[in-house]
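# Coordinates in review
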Amino acid sequence: MSVPPLAGRDMDSPKLKVAFLVGSDSSSTTSSIEAVCRLPGVETVGVLLDTESVPFKRRLKNLSRNVRANGWQYVAFRIVEAIRELTDTAVENAAVSRTEVVSVLREAFPEKCLCLEDLGTRYGMTIHAVGNLNGANAARVLSESGADLGIVLGTRILKSSTFGVPRMGCINLHKGKVPEYRGMPPGFWELYDGASSAGVTVHFVDKGLDTGDIVATGTVPILETDTPETLLQKLHDEGARLIASAVSTIRDGKVSPQPQVKLAIKPRTRPIRKDLALLGRRLPHWKRKGGLSRIARNLYLLLVYYSGLYFVVRQYHRLLRSRGAIYLYHRVNDYSNDVLTVDTKTFAAQLLAIRKRYPVSSTAHLVDCVRNGGAFQPTTVAIHFDDCYREILTNGAPIMKTLGIPACAFINSGFVDTDRCFAHDVAKFPFTYEMLRSSDIRAWTSLGFELGAHTVNHVDLGRCTVEVANSEIVECGEALRKIIGKPIDLFSFPFGRVDNIRSETRQAISTAGYVALFSAHGGFIGPHTDPYDIPRMGSSHDSSPVYCLLQIEGLALGQVASMFRRNRNRVKSGRENGCA
């Protein structure tokens, strides 16, 4: 394909004019558009958003095709999926509204564009809701924009009446290597085929499906710990980089499109349930959202929250002299959806829900009350972070400052100013996480946040020798003291379960001058809490705001089940002792 020379543009408009044709208002779409908007010599003249819903007849046709491919059980599967999505949405919006969360995020990150509307405001471009991108209205808007180049991001298959409007035509960002992985969905079939890498391609749009001449390519490695979701995130990131690079090449008149190799390979299609099940067996670490179990959990959360039970228990706990809960986090980012990570939107929603209903406290105040028998408001909540992830400063701190919530970070000093990775990250997660630098720690404390020790090397104090434990405990506090110029008197257990804690190390922590020790096996703070065994509860991306509220009141399903198990064991033990 030959590309019209850039010199053909009006000399009064020296910039390359581009228009985006997009299928959804998503974070990946936003990041790709912004990567291009930041380029010098490029002017975005509009975004055309496909807003036409799928017609009913088309839905029936799709359903019929899926039934033929999956069997009649597919109907039941889709019904369950629809109910799950409906209850997921209800749970997400139960405790805080989306508008409130977006408001917090915009204040916390004024430099970020969260959606297409934000992009339009920042870069002075119009977002056009055009209906069907293949319709006459879309062609008219695109023509009137005067775009030299169209950039296609995740749309329906376009007709020449649309992609032929810009003077140079349109380029498409395809998250797959062509021609081997034409079609959809991104990343799935590479994992299914056992490929060592996945590709990203920018190509010109023609009448075929992902068959146009290639402008640029990129690859990302596939690790043993990858899943379809993690690989897709990597492809999103590489896609944003690659589309900006491709537009730069076109802007500079240096593009040399290469025809695709002709292979007798059909475009990939959406996997059927059998394919999903097979990949699930190959990737035992891939945790998919449950169907019926997820619905049951959602219905439980909604029932307890809206029935008034949550309110009654919360009022009861307000009558107590002192009651506290510490919420423990590790990472805050928007790419690593795992048990140690919470995304920024969920983090903001969780803290907003907590801040509206509970008093929040510094850790130092709670510790002082625990040690000296002072009363604190029920239920007071404190926020903790463990390990040494830099994103608690870059992603977590702005949200907490916006909401006025204090926090304490427990740091592994041996990871500061290094590129080390935690063993649990290497074993389980396919991303590399940046560690805190000394300057970051000083910035953290300058913002008013607290600091605690978490051993030098994140060792298991329940299994290492007493000598190693003493060294890890003392040297961590001393290293952090040198960074901030103040004593460190708070300590938290790595692997803070019951079997990771022993009396010798608790004594060593006390002897080293720490005034409080925090575990991670759940529970609440009360008038009789041991300052060297202060409990904390964990959170992740899968903890909705309403789940957090129930967890703080001890009403989460796992907490209720645990309570019944303990009561049953007490009864059983009492009967056995009585018989004895």
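Note that the structure is a prediction, hence the values are computed from the model and not measured.

### Some details on the overall build of the chain
Scanning the chain for helices and strands turns up 21 helices and 16 strands. Taking 580 residues into account, the globule formula puts the C-alpha radius of gyration at 25 Å, and the chain, at 27 Å, falls close to it. Each principal axis of the C-alpha distribution contributes one length, and for the chain these read about 85 × 60 × 40 Å. A total of 580 residues make up the chain; the buried ones form 51% of that total.

### Describing the packing of aromatic side chains
Scanning all chains against the criterion turns up 19 aromatic pairs. Here Tyr389 and Tyr433 contribute two aromatic rings whose centre-to-centre distance is 5.7 Å and whose plane-to-plane angle is 80 degrees, an arrangement assigned as edge-to-face. Of this pair, Tyr389 sits in the loop between β11 (380-386) and α15 (391-403) while Tyr433 sits in the loop between α16 (423-428) and α17 (438-446); the two residues are 44 residues apart in sequence, bridging distant segments of the chain. For the pair formed by Tyr389 and Tyr433, the shared burial category is buried. Counting every residue linked through ring pairs, the aromatic cluster contains Tyr327, Tyr329, Phe347, Phe385, Trp444 and Phe449.

### Regarding helix α11 (residues 292-306)
Counted at 1.5 Å a residue, the expected span for α11 with its 15 residues is 21 Å, and the 21 Å between its end C-alpha atoms agrees. The complete set of buried residues in α11 reads Arg294, Ile295, Asn298, Tyr300, Leu301, Leu302, Val304 and Tyr305. Just past α11, the residue Gly308 takes up positive phi, approximately 100 degrees.

### Notes on the confidence of the model for the chain
For the chain, per-residue confidence averages 93 on the pLDDT scale, and 95% of positions sit at 70 or higher. Scored below 50 in pLDDT, residues 7-11 makes six contacts in the model with residues more than four places away or belonging to other chains.

### Let's talk about the nonpolar core
A general feature of soluble globular proteins is that nonpolar side chains tend to end up buried together. Counting 86 residues, the largest nonpolar core has Ile383, Phe385, Ile399, Met400 and Trp444 as its most contacted members. Considering each element in turn, this core owes the most residues, seven residues, to helix α13 (residues 344-357). Filtering out sequence-adjacent residues up to four positions away, Ile383 remains in contact with Tyr327, Tyr329, Leu351, Met400, Ile405, Pro406, Ala407 and Cys408.

Cut-offs used in this document
Residues numbered from 1 in each chain as written. Predicted model: local features only at pLDDT ≥ 70, side-chain atom pairs only at ≥ 80, totals over all residues. Heavy atoms only, no water. Helix = DSSP H or I, 4+ residues; strand = E, 2+ residues; numbered from the N terminus. Rg over C-alpha atoms; globule rule 2.2 N^0.38 Å. Buried < 20%, exposed > 50% of the residue type's maximum accessible area, 1.4 Å probe, protein only. Phe/Tyr/Trp six-rings, centres within 6.5 Å; stacked < 30°, edge-to-face > 60°. Expected span 1.5 Å × (residues − 1). pLDDT = per-residue confidence, 0-100. Contact = heavy atoms within 4.5 Å. Core = buried A, V, L, I, M, F, W, Y, C linked by side-chain atoms within 4.5 Å.

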